[in-house]
Amino acid sequence: MPITFKQLKTLEDLNPCEDLQGAVWKFNKSDIIPPRFMRVLCKHGGFAMGAFDGDKMIGFVFGVPAIHYGRPSQHSHMLAVLPEYRNHNVGYQLKMAQREEALNRNIDLITWAFDPLQSKNAHLNINKLGVIACSYDINLYGETSSSKLHSGLGTDRLLAEWWLVSDKVKTIIDRDAHDAEKKLPAKGLNINETRHDEHGFLIPVDPDLALSDEVLLLEIPADIDEMKIANIDAAHRWRELIQRAFLHYFNAGYYVNSLQVEREDDTRRVCYVLERLTK
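From a predicted model like this one, the values you see are computed outputs, not experimental measurements. Position numbers for residues count from 1 along each chain, tracking the sequence in the order it is written. Reporting of local features is limited, given that this is a predicted model, to residues whose pLDDT is at least 70; pairs of side-chain atoms are given and counted only at 80 or more, and all residues count toward the totals for whole chains, interfaces and linings. Only hydrogens and water are removed before side-chain values are computed, so all heavy atoms of the structure are retained for them.

1. Concerning the packing of helix H4 (residues 90–104) against helix H6 (residues 167–174)
The geometry of a pair of packed helices is captured by two quantities: the angle between their axes and the separation between those axes. In this analysis, axes come from line fits to C-alpha atoms, helices being fitted only over the stretch in contact, and the angle between any two N-to-C directions falls in the range 0 to 180 degrees. Helix and strand labels come from DSSP, where a helix needs a run of H or I of at least four residues and a strand needs a run of E of at least two; each type is numbered from the N terminus. One can describe the packing of H4 onto H6 by two numbers: an axis separation of 14 Å at closest approach and a directional angle of 135°. Here H6 runs oblique to H4, going by the angle between their axes. In the crossing of H4 with H6, the sense of the turn from one axis to the other is left-handed. Facing H4, whose interface residues are Tyr92, Met96 and Arg99, H6 presents Val169, Lys170 and Ile173. Each residue receives one of three labels: charged for Asp, Glu, Lys and Arg, nonpolar for Ala, Val, Leu, Ile, Met, Phe, Trp, Tyr, Cys and Pro, and polar for the others, Gly being one of them. Partitioning the contact of H4 with H6 into residue classes produces four nonpolar, no polar and two charged. Throughout this description, any angle smaller than 35 degrees is read as roughly parallel, any larger than 145 degrees as roughly antiparallel, any in the 65 to 115 degree range as roughly perpendicular, and the remainder as oblique. Left-handed describes a crossing whose near helix is turned anticlockwise from the far helix by less than a right angle; the clockwise case is right-handed. It only takes one pair of heavy atoms within 4.5 Å for two residues to be counted as in contact.

And the structure:
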């Protein structure tokens, strides 16, 4: 049965979002956003869209009214897809629906926070949707929450800026975004060097914070969740490294413009591509 999509407006529409939050993030009750509150926000500038397999909600996106750069925008607070439906383009289609609805209301900027160490999510955001990032929050949601996904490494987040009608976004959406990993490697200096430990995990070396080239590369692990299980100390070192690097280079006038993903045999190498902001 094909996946269908429906805008969520009534309390009855939004009620399944409560169970979905628990299924996706394993939140305690105290961390779940109540459907009643979601409905109020949707009536006053917010937006919610559900994805369905038959009558079963399998995912949703939820955004709230926001102001960025002194202009009306939307902040996309939640994007949830059941684990068994991931890698089926559901999240991408929910974001496309969110973009269309925002443009219908003359909103041209949607923002959201994402974990800088989650490479697959970064690929969706940057390479398939075309977001940029130029700000970094330390422990946006606190050091931890009731979700196991937030355990161990705090809740540092990059802020995605999705400029909906920019040339970059329109070009990425118009082309086959699945080819994003096939681009030629970016040419730039490496902020961090890496080595492999005895188990094959990528171990970071201290970042170089004295670079000034137009393009810089910041490598991250391909699978931070696997590393958290096998070597939590290395995962902590990664968090500290990218925190230092992003805070320094954002302050120096750089922004994330793309994500470089290289495949060789069974391995993936993932680098954020930072470029200097033009004045």
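Picking up where we left off.
2. Side note on the environment of Leu11
For Leu11, the location among the structural elements is in helix H1 (residues 11–14). Separated by 199 residues in the primary sequence, Leu11 and Ala210 place their C-alpha atoms 53 Å from one another. Beyond its immediate sequence surroundings of up to four residues, Leu11 is in contact with Pro35, Arg36 and Arg39.

3. Thoughts on the packing of aromatic side chains
Only the six-membered ring of Trp is used, alongside the rings of Phe and Tyr, when aromatic pairs are assigned; centres must lie within 6.5 Å, and planes under 30 degrees apart are stacked while those over 60 apart are edge-to-face, with the rest tilted. Inspection of the entire model under this criterion finds seven aromatic pairs. On the numbers, 5.2 Å between centres and 75° between planes, the contact of Phe246 with Tyr272 is edge-to-face. Pair noted here: Phe246 is in helix H8 (residues 232–251) and Tyr272 is in strand S13 (residues 267–276), with a separation of 26 residues, a long-range link. According to the relative accessible area criterion, Phe246 is buried, its value standing at 0%. For a ring to carry a charge above it, either NZ of a lysine or CZ of an arginine must fall within 6 Å of the ring centroid while also lying within 35 degrees of the normal to the ring plane. The ring of Trp112 carries the charged tip of Lys95 above its face, separated from the ring centre by 3.6 Å. Relative accessibility under 20% of the residue-type maximum defines a buried residue, over 50% an exposed one, and the middle range a partly exposed one, all with a 1.4 Å probe and only protein chains included.

4. Overview of unusual backbone geometry
Residues other than glycine seldom take positive phi values, yet Tyr69 does so here, at roughly 55°. Locating Tyr69 in the fold gives a position in the loop between strand S3 (56–68) and strand S4 (71–81). Judged by relative accessible area, Tyr69 falls into the exposed class, the value being 56%. At Asn106, a position not held by glycine, the phi torsion is positive, near 60°. Within the secondary structure layout, Asn106 lies in the loop between H4 and strand S5 (109–114). Classification of Asn106 by relative accessible area gives exposed; the value is 73%.

Treat this as a map of the structure, not an account of what it does.
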